[in-house]
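# Chain and residue survey
Listed below, chain by chain, are the residues.
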Amino acid sequence: MLEVVVLAAGRGTRMRSRLPKVLHTLAGQPLLTHVLNTARQLAPARLHVVVGHGADLVKQAVAAPDVSFHIQSEQLGTGHAVLQALPSCAPESTVLVLFGDVPLIDAALLQQVAASASHGPVVLAAKLEDPTGYGRILRSATGNFKAVVEQKDATDEQLRVTEVNTGVIAAPATRLKDLLHRVGNDNQQGEYYLPDVLALAVTDGDPVSVVTTDDALAIQGINDRLQLEQLERLYQRRYAEQLMRDGVALRDRQRIDIRGTLRCGQDVVIDINTVIEGEVVLDDGVTVGAHCVLRNCHIAAGTVVDAYSYIDGAIIEENCRIGPFARIRPGTQLASGARIGNFVETKNSRFGIGSKANHLAYIGDSDVGDACNIGAGTITCNYDGVNKHRTQLGDGVFVGSNSTLVAPLQLADGCFVGAGSTVTDNADAETLVIGRARQRAISGWQRPVSKKDK
Ligand code: UD1
Ligand code: CA
């Protein structure tokens, strides 16, 4: 039986932020959320999160039925933090401790650590080119694990050790409890250090197993904003390279950010500086121009999204054309071949097959039939200040430029709205709708004369 304890009570002083460190985001998600999702892959009996600094915010951000919280009211160190959760762990269980600030920890590695911990303590170690900041692993002349020494407590010689403590430790629950109660705080920071249980175990004649990894990304801890940005870049680079291996044409793998998941069909082309948020699916042959933001959307095969478009919460069928400079808001559905051009905003609206709004329009809460043409400057007045109302256009409706469609409104198939109309009443099929003052041509009209000339 496995119990996972995630430490997330620290202030994160080095971030110099009001936000608790574990809530800073990597790839669009709080650091702690990454850790919890990875832990879930091990199917533990329980997920314990130790909170303290900013406890309410942290709880709010990650609350879930499988998570139980434990308060560490004073941050007296990682060892003290684990003690807050231990009474809630089954005595016969294996306890796996993770840090909320090590976001990309890998499930397979954790599995390995947990599996080796049924009899005694295990620590996950890594060899790093630059071990600065980490606790160093000290070994005996014969190579056996001796202890972890923190950066702040280490001698110059110890600082030269490049093998580090990743923070991941597992041990049988009762053994861990016993060891933790014996840990003192006689060190530079006056804290109860979790890794000190390992040295105590060795003194007891209990060997400590070391699982080692060379995956620097997986074990990187975040202590300051530089490390956070660095890890974000590494993460993005790795994601981009995987996409390319899977057949996606990224114009520049250094200039795409994926804050969520991107699934692509074949021959998808993505130009520079695109940001992907949430769940995005791009089917075969989709082309995305430069500087687009795509968020929770599905774009079907052959659709072209031109530069500077923002698509959020939309379903787009095949061979549509969007942008440049389009804003597609949640609830938009475009049937195949639809076109949404520059400076057009759509929201909660359906466009039928081949319908177009090519320039400067706002289409909200609307059902647009097939083969409609919405002229430049068309606005659906969907909001009366209190309620939203729908605009319904049949098939083949033509809306002349600069028209105002005041909802609720229904224009049946084939209606033709003269440019500049304010349309307030429903119209039957195939009618011409004009809602504007008639033009007058006044002859013999006198231009105003300048007062000075009088
Ligand atoms: C810790 C380890 C170090 C290791 C490194 C790996 C200790 C003493 N040191 O150092 O050996 O190389 O992580 O990243 O364990 N926390 C609490 N309560 C506390 C103190 C910390 O919940 O009282 C939490 C923090 O929120 C954080 C985690 O524990 O998520 C690690 O704490 P941090 O202060 O960042 O430890 P490091 O100095 O990075
Ligand atoms: Ca840390």
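These numbers come from a predicted model, not from an experiment.

Okay, the coordination of the calcium ion (ligand 2) next. In this structure, D101 (OD) and N223 (OD1) serve as the protein donors to the calcium ion (ligand 2), at separations of 2.3 to 2.5 Å. Of the two residues, D101 sits in the loop between β6 (94-99) and α4 (107-115) while N223 sits in the loop between α8 (216-219) and α9 (225-245), which places them 122 residues apart along the sequence. Here the two residues D101 and N223 agree in accessibility, since each one is buried.

When the domains of the chain are assigned, the result is domain 1 (2-219) and domain 2 (249-433). Distance from the C-alpha centre of domain 1 to the C-alpha centre of domain 2: 49 Å.

Here the structure, examined in full by the defined rule, presents 24 salt bridges. Where E241 meets R253, a salt bridge forms, and the shortest distance between an N and an O atom there is 3.0 Å. Separated by 12 residues along the polypeptide, E241 in helix α9 and R253 in the loop between β12 (249-250) and β13 (256-264) bring together distant segments of the chain. Exposure remark for E241: the relative accessible area of 23% places this residue in the partly exposed category. Residue R253 is classed as partly exposed on the basis of its relative accessible area of 35%. A salt bridge links R390 to D367; its shortest N-O distance comes to 3.1 Å. Of the two residues, R390 sits in the loop between β29 (379-381) and β30 (391-393) while D367 sits in strand β27 (residues 366-368), which places them 23 residues apart along the sequence. Residue classification places D367 among the partly exposed residues on the basis of a relative accessible area of 25%. Taken together, the shared-partner salt bridges connect R233, D257, R259, E277, R295 and D312 into one network.

Along the chain, A300 turns up in the loop between β17 (293-299) and β18 (304-305). Note on A300: relative accessible area 7%, which makes it buried. Those residues in contact with A300 that lie beyond four places of it in its chain are D283, V286, I316, E317 and E318.

In this section: a nonpolar patch on the surface. Where nonpolar side chains cluster on the molecular surface, the patch consists of Y308, F325, F343 and L360 and spans about 410 Å² of accessible area. By the secondary structure assignment, F325 is in the loop between β21 (321-322) and β22 (327-328). Residue classification places F325 among the partly exposed residues on the basis of a relative accessible area of 37%.

Now for the side chain of S349. Within the fold, S349 resides in the loop between β24 (339-347) and β25 (350-351). Given the relative accessible area of 1%, S349 is considered buried. A distance of 3.2 Å separates the side chain of S349 from the backbone nitrogen of D365, its partner in a polar contact. The contact partners of S349, leaving out residues within four places of it in the chain, are G331, T332, Q333, I363, G364, D365 and S366.

Taken as a whole and assessed by the stated rule, the structure comprises four aromatic pairs. Ring centres 6.1 Å apart and planes at 65° place the aromatic pair Y235 and Y239 in the edge-to-face group. Within this pair, Y235 and its partner Y239 are both found in helix α9, separated by four residues, close to a single helical turn. For the pair Y235 and Y239, a shared accessibility class is recorded, and that class is buried. The interplanar angle of 15° and the centroid separation of 5.2 Å between the aromatic rings of F325 and F343 together place this pair among those described as stacked. Of the two residues, F325 is situated in the loop between β21 and β22 and F343 in strand β24; the sequence distance between them amounts to 18 residues.

Before going further, it helps to spend a moment on the site of ligand 1. Looking at ligand 1, there are 23 residues lining it, with Q72, G77, T78, E150 and N165 nearest. Within the backbone of G10, an N or O atom sits 2.8 Å from an oxygen atom of ligand 1. Taken by itself ligand 1 offers 750 Å² of open surface, and the protein chains cover 91% of this. Of all the secondary-structure elements, those providing two or more residues to the shell around ligand 1 are β1 (2-8), α3 (78-85) and β10 (163-172).

Glancing now at the nonpolar core. Residues L32, L96 and L98 are the most contacted members of the largest nonpolar core, which totals 68 residues. Counting residues per element, this core draws most heavily on β1, which supplies six residues. Ignoring any residue separated from it by four or fewer positions in sequence, one finds L98 in contact with V4, V5, V6, L7, V35, A39, L110 and V168. The next biggest cluster of nonpolar side chains, apart from the first, holds 59 residues, and it includes L243, I258, I299 and A361.

Let us now look at the pairing of strand β9 (residues 145-149). Of all five residues making up β9, four are buried, and the element is well covered by its neighbours. Bridge count between strand β8 (residues 136-139) and β9: four bridges; the pairing is antiparallel. Within β9, the position partnered with L138 by the bridge is A147.

With an omega dihedral of -5°, the bond running from G323 to P324 counts as a cis peptide bond. With a phi angle near 40°, N296 is a residue other than glycine that sits in the positive phi range. Position of N296 among the secondary structure elements: in strand β17. Residue N296 is classed as partly exposed on the basis of its relative accessible area, which comes to 38%.

Cut-offs used in this document
Residues numbered from 1 in each chain as written. Chains lettered and ligands numbered in written order. Predicted model: local features only at pLDDT ≥ 70, side-chain atom pairs only at ≥ 80, totals over all residues. Heavy atoms only, no water. Donors = N, O, S within 2.8 Å, 3.2 Å for Na, K, Ca; no water. Helix = DSSP H or I, 4+ residues; strand = E, 2+ residues; numbered from the N terminus. Buried < 20%, exposed > 50% of the residue type's maximum accessible area, 1.4 Å probe, protein only. Domains from an automatic or database assignment. Salt bridge = Lys/Arg side-chain N within 4 Å of Asp/Glu carboxyl O. Contact = heavy atoms within 4.5 Å. Patch = residues over 30% accessible without salt bridge, like charges linked within 9 Å, V, L, I, M, F, W, Y side chains within 5 Å. Areas by Shrake-Rupley, 256 points an atom, 1.4 Å probe, with all protein chains shown as cover. Polar contact = N/O pair within 3.5 Å; in protein donor to acceptor, adjacent residues only side chain to side chain. Phe/Tyr/Trp six-rings, centres within 6.5 Å; stacked < 30°, edge-to-face > 60°. Near = heavy atom within 4 Å. Core = buried A, V, L, I, M, F, W, Y, C linked by side-chain atoms within 4.5 Å. Pairing = 2+ DSSP bridges.

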